[in-house]
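Residue-level listing of the chains:
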Amino acid sequence: MSTTFQDDKPVTSSLLIMGYEVVIGFETHAQLSTRSKIFSRAPTAFGAEPNTQACAVDLALPGTLPVMNKGAVERAIEFGLAVGSHIAERSVFARKNYFYPDLPKGYQISQFEIPVVQGGEVDFFLGDEKKTVRLVRAHLEEDAGKSLHEDFIGQSGIDLNRAGTPLLEIVTEPDMRSSEEAVAYAKELHKIVTWIGICDGNMQEGSFRCDANVSVRKPGQPLGTRREIKNLNSFKFMQQAIDYEVRWQIEQIEDGHAIQQATVLFDPDTGETRAMRTKEDAADYRYFPDPDLPPLVIASEWIERVRSEMAELPRVMAARFVTDYGLPEYDATTLTQSKTMAAYFEAAAQISKQPKLASNWIMGEVSRRINAGETGIEQAPVSAAQLAALITRIADGTISNNAGRQVFDALWTGEGQDVDALIASKGLKQMNDSGALEQIIDEVIAANPDNVAQFKAGKDKAFNALVGQVMKASKGKANPQQVNDLLRSKLG
């Protein structure tokens with residue numbers, strides 16, 4: 001679908017590539033999690049034998065009439081509420097006319113002039129910088145079928161199982177200025193639709209697929225001609241495709257060629273985009289209101305009921321983490337990437353009474369191991385209660401941070417289950433006897449007169465060397481902060 005974009009994104013925040021500003025807008029198709037299709041009772045389950053889940057209504061056979069799926073509308077309302085959109089009291093379905101072998105009707109039922117969800121925005125972090133992408137709309141529509149090429153020699157097969165599957169198409173303003181920002185937006189959108197349960201987010205099965213509209217321009221110039229990269233179904237390929245397309249467009253312009261508006265596909269084997277067809281505009285689709293479907297009317301009471309039944313949204317939970325636990329906004333946003341991670345954090349924070357320390361460990365050691373193992377936090381071998389016990393021992397000075405990592409490694413690899421037992425068996429308990437520690441410090445001072453003299457001459461490196469000698473003499477069991485305090489006191 002062709003969308004008229006508003007352009008008031010400040011150029012000052014943009015990353016320039018070879019003197020060009022990159023401009024990216026997204027159109028994302030989220031398959032709604034209903035058990036039946038948007039206008040029929042046919043099932044939507046993935047993986048069925050070809051053409052076993054398409055009924056007469058999906059094919060628009062004579063004498064059939066579409067009937068709106070209430071569950072699909074409710075999921076659209078949920079999404080609009082999640083991103084701060086206006087839910088239209090009255091929206092209209094239209095026929096979008098085009099001709100593909102896998103589109104049996106010769107048209108697709110969609111929304112055009114009056115979509116059900118209007119406006120809204122998606123906030124996310126790129127590194128530690130907060131970004132906002134504005135939404136134009138999110139409209140309900142049905143999916144087409146699928147052409148099959150792999151299993152046929154010199155022919156194509158048609159599978160109409162997907163025909164009529166309910167989709168929510170989410171369209172942004174052209175607010176993104178790099179492939180990194182585009183991927184961060186897509187990940188945040190993916191988090192939102194899966195968090196509220198309107199889409200399973202399975203990109204390999206086509207439940208969440210993105211189209212990126214990419215153009216380049218010199219700073220301050222009007223928007224360039226965009227090319228639409230279709231059906232990006234992995235975040236890795238998404239970034240590769242956009243990066244290639246940006247370089248290609250810049251090279252074309254630098255060589256004196258004009259960019260032609262087109263729809264392109266990304267080939268992950270070659271890492272290149274290739275033109276599929278000249279891009280259509282809205283007029284090419286000859287939209288007109290569907291005569292078989294009345295306007296969709298959504299009462300305010302329906303919206304309020306949906307709002308009251310929704311789970312706590314990630315942005316609301318993140319704000320609560322800032323207020324209740326004193327976390328920085330970046331930490332709170334990171335910890336609410338999924339419901340399971342948020343629950344893991346809350347459990348560890350409440351048990352240990354050390355929310356910032358819990359946040360640091362989850363975003364650090366826990367996330368690093370999860371990412372390395374390509375697993376989810378729900379499969380983490382260290383429970384939230386175990387992490388809380390470990391954090392408590394660090395906070396009360398029983399062990400150091402370095403010793404804590406050794407205990408965490410042992411918990412993760414299954415060497416032991418009890419934090420205190422592991423601390424004892426590994427001899428990791430810190431020396432907190434000030435008398436014994438003072439004796440070690442006195443011996444180190446006496447044995448290192450040169451470092452003492454250098455420290456008194458203002459050289460901080462000499463002090464660090466003395467600290468290192470004390471830690472070595474204590475076999476790493478001394479409390480580093482206590483060492484620092486006592487050593488400075490003795491050195492005057």
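All of these numbers come straight from a predicted model, not from anything done at the bench. (Residues numbered from 1 in each chain as written. Predicted model: local features only at pLDDT ≥ 70, side-chain atom pairs only at ≥ 80, totals over all residues. Heavy atoms only, no water.)

Trainee: Report on the environment of Leu-81, specifying residues and quantitative values.
Mentor: Checked against the element boundaries, Leu-81 lands in helix H1 (residues 70–82). Relative accessible area serves as the criterion here: at 11%, Leu-81 is assigned to the buried category. Sequence-distant contacts of Leu-81, defined by excluding residues within four places in its chain, comprise Ile-87, Ile-303, Val-306, Arg-307, Met-310, Leu-313 and Arg-315. (Helix = DSSP H or I, 4+ residues; strand = E, 2+ residues; numbered from the N terminus. Buried < 20%, exposed > 50% of the residue type's maximum accessible area, 1.4 Å probe, protein only. Contact = heavy atoms within 4.5 Å.)

Trainee: Which residues make up a nonpolar patch on the surface, and what are the values?
Mentor: Taken together, Leu-15, Ile-17 and Met-18 make up a surface patch of nonpolar side chains, about 290 Å² in accessible area. Within the secondary structure, Leu-15 sits in the segment before strand S1 (16–17). (Patch = residues over 30% accessible without salt bridge, like charges linked within 9 Å, V, L, I, M, F, W, Y side chains within 5 Å. Areas by Shrake-Rupley, 256 points an atom, 1.4 Å probe, with all protein chains shown as cover. Salt bridge = Lys/Arg side-chain N within 4 Å of Asp/Glu carboxyl O.)

Trainee: Before we move on, could you go through the sheet that holds strand S6 (residues 107–111) and cite the residues and values that matter?
Mentor: Strand order in this open sheet of three strands is S6-S5-S17, and the pairing throughout is antiparallel. Taken across any chain shown, the strands that pair with only one partner, and hence form the sheet edges, are S6 and strand S17 (288–289). Where strand S5 (residues 93–97) lies against S17, two bridges are found, and the strand directions are antiparallel. Paired with Arg-95 across the two strands is Phe-288, which belongs to S17. (Pairing = 2+ DSSP bridges.)

Trainee: Describe the packing of aromatic side chains, with residues and values.
Mentor: Pairs of aromatic rings are described using the distance from one ring centre to the other and the angle between the two planes. Going through the model one piece at a time under the given rule, you end up with 15 aromatic pairs. Ring centres of Phe-125 and Tyr-330 lie 5.6 Å apart, and the angle between their planes is 90°; this geometry places the pair in the edge-to-face category. In this pair, Phe-125 sits in strand S8 (residues 121–126) while Tyr-330 sits in helix H6 (residues 329–335), placing the two residues 205 residues apart along the sequence. Residue class for Tyr-330 comes out partly exposed when judged on its relative accessible area of 35%. Between Phe-321 and Tyr-325 the ring centres are 5.6 Å apart and the planes differ by 75°, which places this aromatic pair in the edge-to-face class. Here Phe-321 and its partner Tyr-325 are both found in helix H5 (residues 314–325), four residues apart, which amounts to about one turn of the helix. (Phe/Tyr/Trp six-rings, centres within 6.5 Å; stacked < 30°, edge-to-face > 60°.)

Trainee: Lay out the pairing of strand S15 (residues 262–267) with the relevant residues and their values.
Mentor: In this structure, strand S14 (residues 227–232) lies alongside S15, joined through three bridges in parallel fashion. Bridge pairing in S15 places Arg-227 opposite Ala-262. Strand direction decides the pairing type here: S15 and strand S16 (residues 272–278), joined by six bridges, are antiparallel. Among the inter-strand pairings, Val-264 is bridged to a residue of S16, identified as Ala-275.

Trainee: Tell me about helix H14 (residues 460–473), and please be specific about residues and values.
Mentor: Its 14 residues give H14 an end-to-end C-alpha distance of 20 Å, which sits within 8% of 20 Å, the value for a rise of 1.5 Å per residue. Listed as buried for H14 are Ala-462, Phe-463, Leu-466, Val-467, Val-470 and Met-471. Where H14 terminates, the next one or two residues include Lys-475, which has phi positive at roughly 60°. (Expected span 1.5 Å × (residues − 1).)

Trainee: I'd like a description of the pattern of salt bridges, backed by residues and values.
Mentor: Within this structure, the stated rule accounts for 29 salt bridges. As a salt-bridge pair, Glu-74 and Arg-305 come within 2.6 Å of each other at their nearest N and O atoms. One end of the pair, Glu-74, is in helix H1; the other, Arg-305, is in helix H4 (residues 300–309), and 231 residues separate them in sequence. Relative accessible area serves as the criterion here: at 30%, Arg-305 is assigned to the partly exposed category. Its salt-bridge partner being Lys-131, residue Glu-129 comes within 3.5 Å of it at the nearest N-O pair. Residue Glu-129 is classed as partly exposed on the basis of its relative accessible area of 42%. Here the salt bridges share partners, and the residues they tie into one network are Glu-365, Arg-368, Arg-369, Arg-405 and Asp-409.

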